[in-house]
Amino acid sequence: MASTWSFQITLICILLFMGLSYAGDPFKFFNFEISYIEASPLGVPQQVIAINGKFPGPTMNVTTNDNVVVNVRNKLDEELLLHWSGVQQKKTSWQDGLPGTNCPIPSRWNWTYQFQVKDQIGSFFYFPSLNFQRASGGFGGITINNRGEIPIPFDFPYDDLTIMIGDWYTRNHTALRNTLLAGKDLGKPDGVLINGKGPYRYNDTIVPDGIDYEEITVHPGKTYRIRVSNVGISTSLNFRIQNHNLLLAEAEGSYTVQQNYTSLDIHVGQSYSFLVTMDQNASSDYYIVASARFVNQSQWQRVTGVGILKYTNSKGKAHGPLPEPPQDEFDKTFSMNQARSIRWNVSASGARPNPQGSFRYGSINVTEIYVIQNLPPRMVDGKRRTTLNGISFVNPKTPIRLADKYKLKGVYKLDFPTAPLTGPPKMETSVINGTYRGFMEVILQNNDTKVHTYHMSGYTFFVVGMDYGVWSNNSRGTYNKWDGIARTTTQVFPGAWTAILVSLDNVGIWNLRTENLDSWFLGQETYIRVVNSEASNKTELPMPDNALFCGQLSKLQKPQDISSAKSVRGDAYNISFMMMLLVSAIFAVFQ
C-alpha cells in the first residue's frame, strides 16, 4: 500500500511539475470577424467595417501581464492588418500589425495575433492599419487594468465606460483613398461620431431627424471612469460633458496628476481617462459633446458629435444650446497651455509596485538626437506626398523585420537623416538606426498648417517640452525634467515643436508616424530599428510559427499555414489547465 501511495504521490508531482512548466500569466482569448456591414451613422447609408457584426468593435478588457490571443478572420475584399496602438509589444514587434513588421492577412484568411500586455496599464485602442481602412471603422477600445495587488491612485470607480470619438465622412475608405491618390484634399468631414453614432438632435435645423445617437445611462451620485479615444482621421476634438467636471486620471498608460477640466482637447490618436462624478440634479439629461478645434464654429456646426448622459432618475430630455467650446479659433495658446498642464503622477504605482515616476528621465544622458520636420503636402516624383525631413516613406513589399530575419539586401536604407534635408524631397524606405539601450531625443517640428499628432510604437516616451517657433539648442532650458507625461502619442501644434525623450530598450522594428490618417497614408512616417547585437530570446522573442510571408519571401508561404495556425502559448495554457484537472481528479480518487 505504501509503495502504491508513493507512486501516486510521484505521479502527482510529475503532473504538477508539467502543469507548472506551462503555467504563467493568464490568457485572454478573442475572436474577431472583420467584415463590411451597412450603417447610417449620419443618416446616409454607407459601408462600414465591423467586428463581429458590430461598429465600433468590442472593447478588449484585459489585465496587466495577460497573454492576449486574437484570432482574426478577414472577410473584407482586401488585405488587412490590425494594429494595437499603444500596446508596447515588448520583445515582439512581430505582432505590432503594421506593414513595416508584418505581412498583411489576405482576404478570406485567418491569422492569430498573440502578445502580452507586459507591465502596462491604461487606455488604448486598436484599428486596421492598411489601405485607409480606419476611415471606415474596424476600431475598438483596449482597457488594461491594474493587477489586484497594485493599487490605483483613486477610489475604485462604480463603472468603467469607453467612448470612441472621431471625425467621419459619408464616403467609405476606398473613395477617400482614391481622392488622396488623385492628389486632392479630403475636404471638411461630414460629421463627428460618438461610439459610431451620429449627433443627438439638439438643433432641428442642423441635425436631421432619424439619426441614432449615443446615450449613456448613469446612476446619480456615482463616480465613473470614462475612457475617451480620438479614433478619427485628422480633426482635433474638444470633449466635454455639460455641467460635469472631467477629473483627468490617466493618459495612454500613465497616471496623471489629477486635475479638473471643464473640457479637454483630444487630438487624433490620443486616449485619456477621466473620473466623472454624477453630482448634478436630474431635472434633465446632459449633452456629451465632441467638436472640432481651431475652426470657424459657425461653418463647422454640422461637424459636431453630440450624445446624451442620462441619469436613471432623469426627468426630461437635454435642451438648449450646447456647452461652449474654447473660443480661440486663431489662437492655439490655450490648447498648448492645457497640454502643458498634464503632468505625470510620479508618486503613483503603475503596472508594478514601484512608483511609475521612479524612472528619472531628466538625469539620463542623451545618446542620439533627431530633429524631424514635416511640411504640407508637396509633389514628389510626380505624386502629391507628405514628408518627414524631406523623405516620403514607401512601405516595402517585404516587411523590414522579415528582411532582417532572412538577411535580404536592398529592402530598406538605414539612413534616415538626423535633421531636415536640403534639396528636393525623395520617396524612399529610409529607416532610423536606433541604438539598443540608447536614450533618444526627438524634436518634432510642425511646419504644416494643422495640428499633427505623432505616435511611436513599442514605447512610451516622455513629453518634455513644446512651444511655438523653431526649436534650438536653447529650447532645452524650458524642458520639464521631472514630471513630463509619459505616453505614446503627442500633439505638435502648427508652427511649433514638441520634444520627447525615449529609452530604446525594446528590440524590434518600431513605427514613428503622424496619426493624421491622410498625411500618414501619403508618406509621413518612418521606422526605428533597434537591434541587440547579442541575439538573445531575452531581448527579442523568436519569429512566431504562424508568421506570414510576402514580397521577396512569398514562396515560403503555404496556404495550410493559415488554416492550421495555432497559438503555442495558448496550447500550453490548455495543457496546463488539463493537467490541473487531472491532478484534481487523482486527489479525488484517493481521498
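Criteria and cut-off values
Residues numbered from 1 in each chain as written. Predicted model: local features only at pLDDT ≥ 70, side-chain atom pairs only at ≥ 80, totals over all residues. Heavy atoms only, no water. Buried < 20%, exposed > 50% of the residue type's maximum accessible area, 1.4 Å probe, protein only. Helix = DSSP H or I, 4+ residues; strand = E, 2+ residues; numbered from the N terminus. Arc of directions from axis to C-beta. Contact = heavy atoms within 4.5 Å. Disulfide = S-S within 2.5 Å. UniProt positions renumbered as here; feature names shortened; annotations may be inferred. Pairing = 2+ DSSP bridges. Axes fitted to C-alpha atoms, helices over the stretch in contact; angles between N-to-C directions. Phe/Tyr/Trp six-rings, centres within 6.5 Å; stacked < 30°, edge-to-face > 60°. Lys NZ or Arg CZ within 6 Å of the ring centre and 35° of its normal.

Looking at helix H3 (residues 333–340)
Then, number 1: Taken residue by residue, H3 has Ser335, Met336, Gln338 and Ala339 as its buried positions. Buried residues in H3, looked at end-on, bunch into an arc of 160°, giving them a common side.
Then, number 2: In this structure, the buried residues of H3 make contact with strand S15 (254–261), strand S16 (264–266), strand S27 (461–468), strand S29 (489–492) and strand S30 (496–503).

Thoughts on the state of the cysteines
Then, number 1: Inspection of every chain in the model, using the stated rule, returns one disulfide.
Then, number 2: For Cys103, the disulfide goes to Cys550, at an S-S distance of 2.1 Å. In this structure, the disulfide formed by Cys103 and Cys550 twists by about -85° around the S-S bond and is classed as left-handed. With Cys103 in the loop between strand S5 (82–85) and strand S6 (110–116) and Cys550 in the loop between strand S32 (525–531) and helix H6 (559–563), this pair connects stretches of sequence that are 447 residues apart.

Things to note about the UniProt feature "domain: Plastocyanin-like" (unreviewed entry) in the chain
Then, number 1: In this numbering, the UniProt entry assigns the feature "domain: Plastocyanin-like" (unreviewed entry) to residues 34–147, 160–313 and 398–534.
Then, number 2: With 0% helix and 42% strand, residues 34–147 has end C-alpha atoms that lie 30 Å from one another.
Then, number 3: Across residues 398–534 one finds 8% helix and 41% strand; the C-alpha atoms that close the span lie 24 Å apart.

Side note on the pairing of strand S26 (residues 452–456)
Then, number 1: In terms of residue burial, S26 counts as a mostly covered element, since five of its five residues are buried.
Then, number 2: Covered by surrounding structure in S26 are His452, Tyr454 and Met456 together with Thr453 and His455, the residues of both alternating faces.
Then, number 3: Two strands pair when backbone bridges link them, and S26 and S29 are joined in this way by four bridges, in the antiparallel orientation. When the bridges of S29 are listed, Tyr454 appears paired with Thr490.

Examining the sheet that holds strand S14 (residues 246–251)
Then, number 1: Overall, mixed pairing links the six strands, which are arranged S10-S9-S12-S17-S14-S15 in an open sheet. Unpaired on one side and paired on the other, strand S10 (191–194) and S15 mark the two borders of the sheet. On average, each strand axis in the sheet is tilted by 25° relative to the strand beside it, whichever way the strands run.
Then, number 2: Here seven bridges tie strand S12 (residues 223–230) to strand S17 (residues 271–277), and the two strands are oriented antiparallel to one another. By the bridge assignment, Val228 is partnered in S17 with Tyr272.

A closer look at the packing of aromatic side chains
Then, number 1: Considering all chains together, one arrives at 29 aromatic pairs under this definition.
Then, number 2: Ring centres of Tyr202 and Tyr287 lie 6.5 Å apart, and the angle between their planes is 75°; this geometry places the pair in the edge-to-face category. Remark: Tyr287 occurs in strand S18 (residues 286–292) and Tyr202 occurs in the loop between S10 and strand S11 (215–218); sequence separation between them is 85 residues. No difference in accessibility class separates Tyr202 from Tyr287, as the two residues are buried.
Then, number 3: Geometrically, the ring pair formed by Phe393 and Tyr527 is tilted, given 5.5 Å between the ring centres and 45° between the ring planes. Pair noted here: Phe393 is in strand S22 (residues 391–393) and Tyr527 is in strand S32, with a separation of 134 residues, a long-range link.
Then, number 4: Look at Tyr527 and you get buried, because its relative accessible area is 0%.
Then, number 5: Members of the aromatic cluster, joined through ring pairs, are Phe30, Phe32, Trp84, Trp111, Tyr113, Phe115 and Tyr126.
Then, number 6: Residue placement shows Arg134 over the ring face of Phe127; its charged tip is 4.7 Å from the ring centre.
Then, number 7: Here the guanidinium or amino end of Arg513 rests over the ring plane of Trp520, the centre of that ring lying 4.5 Å away.

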